[in-house]
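In case you want the letters, here they are:
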Amino acid sequence: KAGGRMAATAAPATDASTVVILLDVNPWTWHKLDEGRSSSATGDGTTLSLQECVEQVVAFVKALLMLNGANSVLLYGFSGDRCDVLYDSREPDQSEVRTVVISALLRTQKERSSEVSRGAPASSREGHLSSSALDSALTIALCRIQRLKREKICSNPRVLCIQASQDSPRQYVPTMNAIFAAQRAMVPIDVCVLGTAESSLLQQASFLSGGVYQNIAYPGGLLQYLISVFAIDLYTRPNLHMPQPGGVDFRASCFCHQKAVDVGFVCSVCLSIFCSRMAECSTCGAKFNPTDEPKKLNEAALLKEIHAAK
């Protein structure tokens, strides 16, 4: 059922885990966070640099591998338009986690900088770079998990998404498709959002897939949250009181003003959502007959239509 949490299943037979970590390494987002860090400089744990974040995630990866010798970890870094492998514990010569992750991250960041410098002017790419490719990252993670399942080398898979960027309304449809795929494959999506802003997309992801959602108001203590909440395997979770979301915002964001809407207009071709009636879809270019009665849906109907269109 698309509107509820993932159906309860029998406890896993083993506590070994395959964890796919999706780390938001968007340079635009972290640059903005660094600017806020420089202006405040309070040292109260409310700010976190990308280097500090990577160091804490590396420590978390090491802890996961030490908790169980059968655990495996894949670490992806995703940004505005890319998703790259930073670490794979199954690959040979990957014993020194920090060295592998840092070198891979520096390489991908250098490639991104070169691509940006050859691309469009900064004024035209600001909106694109300010969001991260969450939909692509979730899709790649699920595809990798399915591949490992076919190869019989995957135990109790789950996804952990660490996000610092804001949601992008244009990613709503592909991200919801990935969420429904994770729900059907019974792959929990754990979410760790850095900062005080909530992510409605990732709230729905954790709720529908049966994962854990945690918003960290003090990102400086990221490692403490990772160890105490997200290191717990699926075998142990039924015996513990895991964090529960205070509320899930199921509203979609309109593509025109990027604001959450209770009732909206949906393009019948690409399922883009608008807060007001449009003569032409700004996403796919489909033209609407002005004499036709517009198709108006509330948020429950939006989820049903997107699920049926997969």
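Residues numbered from 1 in each chain as written. Predicted model: local features only at pLDDT ≥ 70, side-chain atom pairs only at ≥ 80, totals over all residues. Heavy atoms only, no water.

Visitor: Can you tell me about the overall build of the chain, naming the residues and giving the values?
Guide: On a plain count of helices and strands, the chain comes out with nine helices and eleven strands. The 310 residues of the chain split such that 47% are buried. When contacts within the chain are restricted to residue pairs at least 6 apart in sequence, those whose partners lie at least 24 apart make up 68%. Element-wise, carbon and sulfur atoms account for 52% of the exposed surface of the chain, whose accessible area totals about 15,200 Å². (Helix = DSSP H or I, 4+ residues; strand = E, 2+ residues; numbered from the N terminus. Buried < 20%, exposed > 50% of the residue type's maximum accessible area, 1.4 Å probe, protein only. Contact = heavy atoms within 4.5 Å. Areas by Shrake-Rupley, 256 points an atom, 1.4 Å probe, with all protein chains shown as cover.)

Visitor: Could you give me a rundown of helix α2 (residues 50–67), with the residues and numbers involved?
Guide: For α2, with 18 residues, the first-to-last C-alpha span of 26 Å sits near the 26 Å given by 1.5 Å per residue. All of the buried residues along α2 are Leu50, Cys53, Val54, Gln56, Val57, Val58, Phe60, Val61 and Leu64. (Expected span 1.5 Å × (residues − 1).)

Visitor: Any chance you could break down the pairing of strand β1 (residues 18–24) for me, citing the residues and the numbers?
Guide: Of all the seven residues making up β1, seven are buried; the element is thus mostly covered by neighbouring parts of the structure. With burial as the criterion, each face of β1 is covered, one bearing Thr18, Val20, Leu22 and Asp24 and the other bearing Val19, Ile21 and Leu23. Taken together, the six bridges between β1 and strand β4 (residues 157–163) define a ladder with parallel strand orientation. Each residue of the ladder has a partner; that of valine 19, found in β4, is arginine 158. (Pairing = 2+ DSSP bridges.)

Visitor: Quick one: what's the story with the environment of valine 248, residue by residue and with numbers?
Guide: Along the chain, valine 248 turns up in the loop between α8 (222–230) and β7 (252–253). Overall, the relative accessible area of 23% leaves valine 248 in the partly exposed class. Between the C-alpha atoms of valine 248 and phenylalanine 207, which are 41 residues apart in sequence, the distance is 7.6 Å. Among all residues touching valine 248, those that are not within four sequence positions of it are Gln203, Gln204 and Phe207.

Visitor: I'd like a description of the pattern of salt bridges, backed by residues and values.
Guide: Throughout the structure, instances matching the rule amount to seven salt bridges. A salt bridge links arginine 158 to aspartate 190; its shortest N-O distance comes to 3.7 Å. Of this pair, arginine 158 sits in strand β4 while aspartate 190 sits in strand β5 (residues 189–194), and the two are 32 residues apart along the sequence. Residue class for arginine 158 comes out buried when judged on its relative accessible area of 1%. Taking the relative accessible area as the measure of exposure, aspartate 190 reaches 0% and is therefore buried. One salt bridge in this structure joins aspartate 190 and arginine 237, with 2.6 Å as the shortest N-O distance. Here aspartate 190, found in strand β5, pairs with arginine 237, found in the loop between α8 and β7; they are 47 residues apart in sequence, far enough to count as distant. Using a relative accessible area of 9% as the deciding quantity, one classes arginine 237 as buried. One salt-bridge network, held together by shared partners, links Arg158, Asp190 and Arg237. (Salt bridge = Lys/Arg side-chain N within 4 Å of Asp/Glu carboxyl O.)

Visitor: Account for the side chain of threonine 175, with residues named and values stated.
Guide: For threonine 175, the position within the fold is in helix α6 (residues 172–185). Here threonine 175 falls in the buried class, since its relative accessible area comes to 0%. Those residues within four positions of threonine 175 in sequence are excluded, and the remaining contacts are Leu134, Asp135, Leu138 and Leu201.

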